[in-house]
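One-letter residues, chain by chain:
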Amino acid sequence: EEENELWELIADDRYKHLVKNVMQTILQEREVGSASPASHWVPLLEKIMTMAQTQETGGTIKPYPGIRLVQKETANDETPLIPINKRRQKNTRWWWVAASLFVLISSGSYFLFNQSKNNGPGSSIAKNSQRNTPVVPGSNKAYLTLSDGAIVDLDSLDEGSVFNEGAVKIRKKEDGQIFYEVAAKNTADVVYNTIATPRGGKYEIGLPDGTKVWLNAESSLKFPLSFKGDSRTVFLSGEGYFEIAKNTKMPFKVNTSDIQVEVLGTHFNVNAYKDENKMTTTVLEGAVKVSKSSQLEGQSLILRPGQQAGLDEDINLRMVEHPNITEAIAWKNDMFEFNDAGIISIMRQVSRWYNVEVSFAEGVPVKKFTGKFSRNVSLDQIINMLRFAGINMKLEGGNIIVLQE
């Protein structure tokens, strides 16, 4: 009953300014994306509840009758407070809004939403379906295919493991990163390794030239054991973030199925998923030259920090106006971030990271959404956040079904 009342309050246009004030206060008090122990957020929660009361009473603080906060006694003192309500106050329930929004954001997430009239979040709540095991988020998982075809499960290697691939040593560092060390000058023919992340996986690798690459879920990178000739060329499928080791004599080239990115030394992100609407390259540092692949007619652009280019629906290479750089690399920082995104785009990312299938029961909702939340929470938590944003869905047999309003 109290939960339903909370949703009604949030969905009521008359109270939007109060919801906004509560959320802004929470966001200003702490950094989004990190968890807080009870010792930090207990006094903050009390402060927010007092603020909500002050707003509601026009500046006069009046404690709510019959409401107190009880702390359970535990060994680690991490148990959340339990609101106790002895007498219901129909129109003085803003402590519920403050507390609920605080818990939502303390999970490391927030989600703002744009919605059409009569589509409040309360109308989009679906009942929890029965499930046995919670779906956990992705983690460091990848497979390395060696030059002889042997496949190494990198997640199963012990920290500090070292093995040889020709004249190159492959080492797993203490932080789980794989990197290559050229042990001697290699005069043999160029041979390749391929590192691939599954759905629900990500990985960081240090290439033989010192370049660092972060791979997103369901991505792969093919690269030589040692770079020779007049360029350093690798082949990307999916999404990768690159920090290129400088070498003015050997430009670094990233080839995808549709574009080539050429650099000397820079930081940039390439999104080359086949199922995305457009392929994008985003520059954070230095400059890159983006060209269409040899299979497409020649066209190129020079990108500098803060710029982004992509292929449009007509396969034309164009600059993206007003690109959101933090959105482009949010995945590298273990965040989901969306700006005026459709539900299909959102669910593609959720599907890849949690390794679940997504289907739409009665067509695709047309709403657009803006917000961000952590990639380190369970799928249940993600679903609850998206429901709060107005996306009606349910989880059945490990698969997500998106419903209409």
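Structural data are supplied above this passage.
Here goes a summary of the coordinates provided. Since the structure is predicted, the reported quantities are computational estimates derived from the model, not experimental observations.

Attention now goes to unusual backbone geometry. Residues other than glycine seldom take positive phi values, yet Glu-218 does so here, at roughly 55°. With respect to the helices and strands, the residue Glu-218 is situated in the loop between β12 (212-215) and β13 (220-224). Residue classification places Glu-218 among the partly exposed residues on the basis of a relative accessible area of 35%. Within the chain, Asn-355 stands out as a residue other than glycine whose phi angle is a positive 55°. With respect to the helices, strands and loops of the structure, Asn-355 is situated in the loop between α6 (343-354) and β24 (358-360).

In this section: a negative patch on the surface. Where like charges cluster on the molecular surface, the negative patch consists of Asp-158, Glu-159, Glu-174 and Asp-175. Along the chain, the position of Glu-174 falls in the loop between β8 (168-172) and β9 (178-182). Here Glu-174 falls in the exposed class, since its relative accessible area comes to 59%.

According to the stated counting rule, one finds nine salt bridges in the structure shown. Asp-334 is the partner of Lys-202 in a salt bridge, and the nearest nitrogen-oxygen pair spans 2.4 Å. Here Asp-334 lies in the loop between α5 (325-328) and β23 (335-342) and Lys-202 lies in strand β11 (residues 201-206), a separation of 132 residues in the sequence. Residue classification places Lys-202 among the buried residues on the basis of a relative accessible area of 18%. Judged by relative accessible area, which is 18%, Asp-334 ranks as buried. Linking Asp-275 and Arg-352 is a salt bridge whose minimum nitrogen-to-oxygen distance equals 3.1 Å. Of the two residues, Asp-275 sits in the loop between β17 (267-272) and β18 (280-285) while Arg-352 sits in helix α6, which places them 77 residues apart along the sequence. Accessibility expressed as a relative area gives 40% for Asp-275, which makes it partly exposed. Residue classification places Arg-352 among the buried positions, given a relative accessible area of 5%. Taken together, the shared-partner salt bridges in this structure form one network comprising Asp-275, Glu-276, Arg-348 and Arg-352.

What follows covers the packing of aromatic side chains. In the structure shown here, the tally under the stated rule is ten aromatic pairs. Judged by centre distance (5.6 Å) and plane angle (65°), the ring pair of Trp-214 and Tyr-241 falls under edge-to-face. Separated by 27 residues along the polypeptide, Trp-214 in strand β12 and Tyr-241 in strand β14 (residues 232-243) bring together distant segments of the chain. An identical accessibility class is assigned to Trp-214 and Tyr-241; each is buried. Taken together, the ring pairs connect Phe-227, Phe-242, Phe-252 and Phe-268 into an aromatic cluster.

The rules we used
- Residues numbered from 1 in each chain as written.
- Predicted model: local features only at pLDDT ≥ 70, side-chain atom pairs only at ≥ 80, totals over all residues.
- Heavy atoms only, no water.
- Helix = DSSP H or I, 4+ residues; strand = E, 2+ residues; numbered from the N terminus.
- Buried < 20%, exposed > 50% of the residue type's maximum accessible area, 1.4 Å probe, protein only.
- Patch = residues over 30% accessible without salt bridge, like charges linked within 9 Å, V, L, I, M, F, W, Y side chains within 5 Å.
- Areas by Shrake-Rupley, 256 points an atom, 1.4 Å probe, with all protein chains shown as cover.
- Salt bridge = Lys/Arg side-chain N within 4 Å of Asp/Glu carboxyl O.
- Lys, Arg positive; Asp, Glu negative; His and termini not counted.
- Charge placed at Lys NZ, Arg CZ, Asp CG, Glu CD.
- Phe/Tyr/Trp six-rings, centres within 6.5 Å; stacked < 30°, edge-to-face > 60°.

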